[in-house]
Amino acid sequence: IDLRPSALFFGRGSWTNDRTAHVLIDTSSIHIDSLALRNEEQFVFLDGDIRKDTSAALSFAVGKLRLENAAPFYEGPEFHGLVSGEGRVMSLYQHPYILSHLRVDSLAVDDHPIGNLHFNAGWNNERNVIDLRGDLSRDTLRMLGFTGLLAPGSKEQELDVDLMLDHFDLLFIEPYLPDAISDVQGKVTGKVDITGMLAAPQANGEVRLDNAGIRIDYLNTKYTFSHVLKILPDQFVMDNVTLLDGQGGQAKAR
């Protein structure tokens, strides 16, 4: 099959190939020779083999691929961002698995900006899950590192990811706070486990807040504290916190 220069419509814009791509089909073997599709700045490139031979690989590369393209295939929050990177898919006829290195620029969940995500994903053949490893940053600040697994489509648990925070800057959360709170400061160190379903993730863990502080605009007062924070699926717990108001005043909060 020769796919001549043409346009394809997948429901989110028109994708075009500006050069002839060749597809050779021989019984159970499929060879794809340089299939490149573009949609404005987005592109998808495929090249390689799909065969019963488990060593055969279909290589792919993507550039500035919008995460919104995946919206029809899952339920949950709306993800935004641009995906770029490359990888290989193997053993498609038996136990498919993927090896890849990808990055997501300007990642956002619904209307909330998150940062830039870099991660490696590999298919775990024994457990039928995707192994994940990577880190999240915003501008020049490293936000966190993570390892774990993703089992999309599982009826019991789709997420099992460990977040490792090492002096994570609380400045990252300021856009998500109410308007009456500002001037956020402090560092967070600890570990948080994220489990459950993509549409309803559950968080459990314990972190240390060092020199954390917020300003209550109505009072025009900034409060600072250092304390351990327990994170549960339905609450954040701190007990007997010593608050400082910057004028030498102290208070205990539970």
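Residues numbered from 1 in each chain as written. Predicted model: local features only at pLDDT ≥ 70, side-chain atom pairs only at ≥ 80, totals over all residues. Heavy atoms only, no water.

K.L.:
Whenever I open this one, the overall build of the protein chain confuses me. Can you help?
P.N.:
In terms of helices and strands, the protein chain carries zero helices and 19 strands. Scaling as 2.2 N^0.38, a compact globule of 254 residues should have a C-alpha radius of gyration of about 18 Å, whereas the protein chain reaches 23 Å, well beyond that. Overall size of the protein chain, expressed as C-alpha extent along the three principal axes, is 80 × 40 × 30 Å. Looking at the 254 residues of the protein chain, the share that counts as buried comes to 31%. Across the protein chain, the fraction of contacts at a sequence separation of at least 24, relative to all contacts at a separation of at least 6, is 33%. A distance of 3 Å separates the average location of the 23 positive side-chain charges in the protein chain from that of its 36 negative side-chain charges. (Helix = DSSP H or I, 4+ residues; strand = E, 2+ residues; numbered from the N terminus. Rg over C-alpha atoms; globule rule 2.2 N^0.38 Å. Buried < 20%, exposed > 50% of the residue type's maximum accessible area, 1.4 Å probe, protein only. Contact = heavy atoms within 4.5 Å. Lys, Arg positive; Asp, Glu negative; His and termini not counted. Charge placed at Lys NZ, Arg CZ, Asp CG, Glu CD.)

K.L.:
Help me understand unusual backbone geometry, please; the structure alone is not making it clear to me.
P.N.:
What is expected of a backbone is that most residues other than glycine have negative phi and most peptide bonds are trans. Here the phi dihedral of S34 falls at roughly 60 degrees; this positive angle occurs in a residue that is not glycine. Its location among the elements puts S34 in strand 5 (residues 29–39). For E40, which is not a glycine, the phi torsion comes out positive at approximately 55 degrees.

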